[in-house]
Amino acid sequence: MPATESDMRFPERLATLAERVKGFLPEDEGLALHAAASAAAQPGGVIVEIGSYCGKSTLYLGHVASVIGASVVTIDHHRGSEEHQIGWEYHDASLVDPETGLFDTLPTLRRTLVNAGIEEFVVPMIGRSSTIARWWRTPIDFLFIDGGHTDEAARADLDGWARWIRAGGTLAIHDVFPDPADGGQAPYRIFRAALDSGEFVEDCVAGSLRLLHRV
Ligand code: SAH
Ligand code: MG
């Protein structure tokens, strides 16, 4: 049975959970991500997320997958970006594994998926996104880039992953700040590169989230 508009609405229960999950996605951007993924996802198809962290954004994408009958592949090495390391601005000491002493968001991601009831629709892949991109061969309906914010990491995500977006599929990029006073420039630079390639056009903006589609 095809999904109805009310099936597709992001449920209150998940909105409450999303609010509690650690992470970096304001609700309005989450809802914009959800709406865009609802429009692009296809039954049996794949949504790819780069940068799972504790699963905040994964909740929005996972709900879409559960309604449409798609899968979310969410990729992260779970060791955190530069800004999450000890001594940096966004370090959270409660996410350090006491046994290894390493930053590790994977256990929290798994709890988030269980609590949301979407484990069946979300496949976490643990590793560096550029390593996984080397052998990825599957067309993507919706790609969300929210991983490392160095130029090297962001560029590798665009180069390694955007090529798999099918015609009409969506490219979503987070943390795009045209003004350097608002934040780092790597996501903005890959957003510009995607537009300048002529392969993508912009659809809309929500906060620092940019949505484009492949022409
Ligand atoms: N989407 C999340 C936030 C992601 S934070 C939310 O909604 O809250 C960025 C994440 O990207 C971190 O968890 C970090 O471990 C991961 N990351 C950074 N560089 C990466 C790389 N090269 N490969 C895989 N994961 C990476
Ligand atoms: Mg982000």
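Residues numbered from 1 in each chain as written. Chains lettered and ligands numbered in written order. Predicted model: local features only at pLDDT ≥ 70, side-chain atom pairs only at ≥ 80, totals over all residues. Heavy atoms only, no water.

A. Spotlight on the coordination of the magnesium ion (ligand 2). All of the protein donors around the magnesium ion (ligand 2) are D146 (OD), H174 (ND1) and D175 (OD); their distances to the metal are 2.0 to 2.3 Å. Motif for the magnesium ion (ligand 2), donor spacing along one chain: D-x27-H-D. (Donors = N, O, S within 2.8 Å, 3.2 Å for Na, K, Ca; no water.)

B. Region of interest: the packing of helix 7 (residues 151-161) against helix 8 (residues 186-196). Helix 8 packs onto helix 7 with a crossing angle of 30 degrees between their chain directions and a minimal axis gap of 9 Å. Considering the angle they form, helix 7 stands roughly parallel to helix 8. Helix 8 is crossed by helix 7, and the crossing has right-handed handedness. Packed against helix 7, whose contacting residues are D151, A154, R155 and L158, the element helix 8 presents A186, R189, I190, A193 and A194 at the interface. When the residues that make up the contact of helix 7 with helix 8 are grouped by side-chain class, the tally is six nonpolar, no polar and three charged. (Axes fitted to C-alpha atoms, helices over the stretch in contact; angles between N-to-C directions. Helix = DSSP H or I, 4+ residues; strand = E, 2+ residues; numbered from the N terminus. Parallel < 35°, antiparallel > 145°, perpendicular 65-115°, else oblique. Left-handed = near helix turned anticlockwise from the far one by under 90°. Contact = heavy atoms within 4.5 Å. Nonpolar A, V, L, I, M, F, W, Y, C, P; charged D, E, K, R; others polar.)

C. Region of interest: the environment of A133. Looking at the element boundaries, A133 is found in helix 6 (residues 129-135). Judged by relative accessible area, which is 8%, A133 ranks as buried. On a C-alpha basis, the gap between A133 and W164 in space is 9.6 Å, while along the polypeptide they are 31 residues apart. Residues contacting A133, with those up to four places away along its chain left out, are G160 and W161. (Buried < 20%, exposed > 50% of the residue type's maximum accessible area, 1.4 Å probe, protein only.)

D. Broad picture of the packing of aromatic side chains. Evaluated as defined, the whole model comprises six aromatic pairs. On the numbers, 5.1 Å between centres and 55 degrees between planes, the contact of W136 with W161 is tilted. Taken together, the positions of W136 in the loop between helix 6 and strand 4 (140-145) and W161 in helix 7 put the pair 25 residues apart, joining distant regions of the chain. The pair W136 / W161 is uniform in exposure class, with both members buried. Three or more aromatic residues joined by ring pairs make a cluster, and in this case those are F24, Y53, Y90 and F103. Across the ring face of F191, the terminal group of R210 is positioned such that the distance to the ring centre comes to 4.8 Å. (Phe/Tyr/Trp six-rings, centres within 6.5 Å; stacked < 30°, edge-to-face > 60°. Lys NZ or Arg CZ within 6 Å of the ring centre and 35° of its normal.)

E. Quick look at the sheet that holds strand 4. One open sheet holds the seven strands; their spatial order is 3-2-1-4-5-7-6, and the pairing between them is mixed. Edge positions in the sheet fall to strand 3 (122-126) and strand 6 (200-206), since each of these pairs with one other strand and no more. Neighbouring strand axes in the sheet, compared pairwise and without regard to direction, differ in orientation by 20 degrees on average. With five bridges joining them, strand 1 (residues 46-50) and strand 2 (residues 71-76) adopt parallel strand pairing. Paired with E49 across the two strands is T74, which belongs to strand 2. Those strands touched by helix 8 are strand 4, strand 5 (165-173), strand 6 and strand 7 (209-214), and its axis lies near 140 degrees from that of strand 6. (Pairing = 2+ DSSP bridges.)

F. Quick look at the site of ligand 1. Around ligand 1 lies a shell of 20 residues, among which F24, G51, S57, D76 and D146 are the nearest. Within the backbone of F24, an N or O atom sits 2.8 Å from an oxygen atom of ligand 1. Separating an oxygen atom of ligand 1 from a side-chain N or O atom of D76 is a distance of 2.7 Å. In the complex, 95% of the free accessible area of ligand 1, which totals 580 Å², lies under the protein chains. Its residues assigned to classes, the shell around ligand 1 comprises three nonpolar, 12 polar and five charged. (Near = heavy atom within 4 Å. Polar contact = N/O pair within 3.5 Å; in protein donor to acceptor, adjacent residues only side chain to side chain. Areas by Shrake-Rupley, 256 points an atom, 1.4 Å probe, with all protein chains shown as cover.)

G. How the structure looks around the pattern of salt bridges. Per the stated rule, a full pass over the model turns up nine salt bridges. Of the charged contacts in the structure, one is a salt bridge between R210 and E202, with a shortest N-O distance of 3.1 Å. Accessibility expressed as a relative area gives 32% for E202, which makes it partly exposed. (Salt bridge = Lys/Arg side-chain N within 4 Å of Asp/Glu carboxyl O.)

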